[in-house]
Amino acid sequence: MYRKYVSNIARERGTRFLSTVDSLCVSFIEYNGVFYRLLHPRPTILLVTLCPGDRVNIMPASWNLPISEEPPTIGVAVYRETFTYQCLNYHPEATINVPSIEHVDLIYQLGSVSGRDVDKIREFKVQLIPSDIVKAPTWRDAIAVYEVRVMNRLDVGESTLFVFEVLKVKVKPGIADEWSIDFSKTNIPLHGGAGRVFHRVDPRKVFAKKSLK
């Protein structure tokens with residue numbers, strides 16, 4: 001019954017399912033590593049937040065993604081044991097700062113300690129400047145910055161997905177056009193999923209073939 005159902009779906013959608021003989025030639029094995037590593041490398045951002053005691057914190061985050069265009073939103077998953085989680089509950093604004101590949105050492109250092117124990121801004125000599133809209137400051141050395149406000153949140157397991165509404169987007173001059181960052185002029189760190197491993201974006205473009213329809 002199930003195979004008949006799948007075949008009907010395939011005919012309706014114009015999808016070609018492999019025959020039993022063909023499918024025997026395709027093999028997968030179960031992946032025993034940490035599940036999310038097959039979804040890496042991922043762009044890493046630096047999330048700057050305001051915290052209790054008039055402190056500022058900064059945390060690397062590679063679990064981030066655009067969510068919607070209207071309104072413009074970005075999601076960032078934050079482990080609920082982090083100081084950043086405490087800070088976002090204290091003040092619901094932040095800046096999402098895009099670093100260049102040259103800052104991988106700083107990114108790793110910032111992710112290796114907790115802002116609860118260490119004043120990371122002072123310890124790592126992070127230079128901050130005022131933002132235009134939000135109270136949370138901007139990292140001076142970012143190549144791009146999103147000024148954001150918490151719009152929603154979703155608790156999943158040990159983490160909370162913070163949905164940030166984008167209030168303003170800024171970029172350093174000369175490194176981006178309306179389509180993307182110009183990777184012949186700068187590059188961004190893609191975290192490999194574990195430890196100190198980072199990747200860079202290949203500046204060569206790959207164009208998909210135009211549809212024949």
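Check the entry above for the structure.
Residues numbered from 1 in each chain as written. Predicted model: local features only at pLDDT ≥ 70, side-chain atom pairs only at ≥ 80, totals over all residues. Heavy atoms only, no water.

### Re the state of the cysteines
Here the structure, examined in full by the defined rule, presents one disulfide. With its sulfur 2.1 Å from that of its partner, C51 forms a disulfide with C87. Note on the C51 and C87 pair: the S-S dihedral is about 105°, so by sign convention the disulfide is right-handed. Taken together, the positions of C51 in strand 2 (residues 45-51) and C87 in helix 3 (residues 83-90) put the pair 36 residues apart, joining distant regions of the chain. Owing to a relative accessible area of 1%, C51 belongs among the buried residues under this scheme. (Disulfide = S-S within 2.5 Å. Helix = DSSP H or I, 4+ residues; strand = E, 2+ residues; numbered from the N terminus. Buried < 20%, exposed > 50% of the residue type's maximum accessible area, 1.4 Å probe, protein only.)

### A short note on the pattern of salt bridges
As enumerated under the stated definition, the model contains eight salt bridges in all. Residue E93 is joined to R149 by a salt bridge in which the shortest nitrogen-to-oxygen separation is 3.9 Å. Within this pair, whereas E93 is found in strand 6 (residues 93-98), its partner R149 is found in strand 9 (residues 144-156), the two being separated by 56 residues in sequence. Here D182 ties to K185 by a salt bridge, and the two come within 3.9 Å at their closest N and O atoms. Of the residues examined, D182 reaches a relative accessible area of 27% and is grouped as partly exposed. Looking at K185, the relative accessible area reads 56%, which means it is exposed. (Salt bridge = Lys/Arg side-chain N within 4 Å of Asp/Glu carboxyl O.)

### Comments concerning helix 4 (residues 104-112)
Residues spaced three or four apart along an α-helix face the same direction, because each turn holds 3.6 residues. Within helix 4, the full set of buried residues consists of L106, I107 and L110. All buried residues of helix 4 lie within an arc of 100° about the axis, which places them on one face of the element. (Arc of directions from axis to C-beta.)

### Structural notes on a nonpolar patch on the surface
A surface patch of nonpolar side chains, amounting to about 310 Å² of accessible area, comprises V34, F35 and W63. Among the structural elements, W63 can be located in the loop between strand 3 (55-61) and strand 4 (64-68). Overall, the relative accessible area of 36% leaves W63 in the partly exposed class. (Patch = residues over 30% accessible without salt bridge, like charges linked within 9 Å, V, L, I, M, F, W, Y side chains within 5 Å. Areas by Shrake-Rupley, 256 points an atom, 1.4 Å probe, with all protein chains shown as cover.)

### Thoughts on the sheet that holds strand 11 (residues 190-191)
In space, the three strands of this open sheet follow the order 1-11-12, with antiparallel pairing throughout. Looking along the sheet, the strands with just one partner apiece sit at the ends: strand 1 (42-43) and strand 12 (198-199). With two bridges connecting them, strand 1 and strand 11 associate as antiparallel partners. Looking at strand 11, one finds that R42 is bridged to H191. (Pairing = 2+ DSSP bridges.)

### Some thoughts on unusual backbone geometry
The omega torsion across H40 and P41 is 10°, close enough to zero to call that bond cis. On the secondary structure map, P41 appears in the loop between helix 2 (20-23) and strand 1. For the bond running from E70 to P71, omega is 0°, close enough to zero to count as cis. Within the secondary structure layout, P71 lies in the loop between strand 4 and strand 5 (73-79). Positive phi, close to 55°, is recorded for K125, a residue that is not glycine. Assignment of secondary structure puts K125 in the loop between helix 5 (120-123) and strand 7 (128-129).

Keep in mind these values describe shape, not function.
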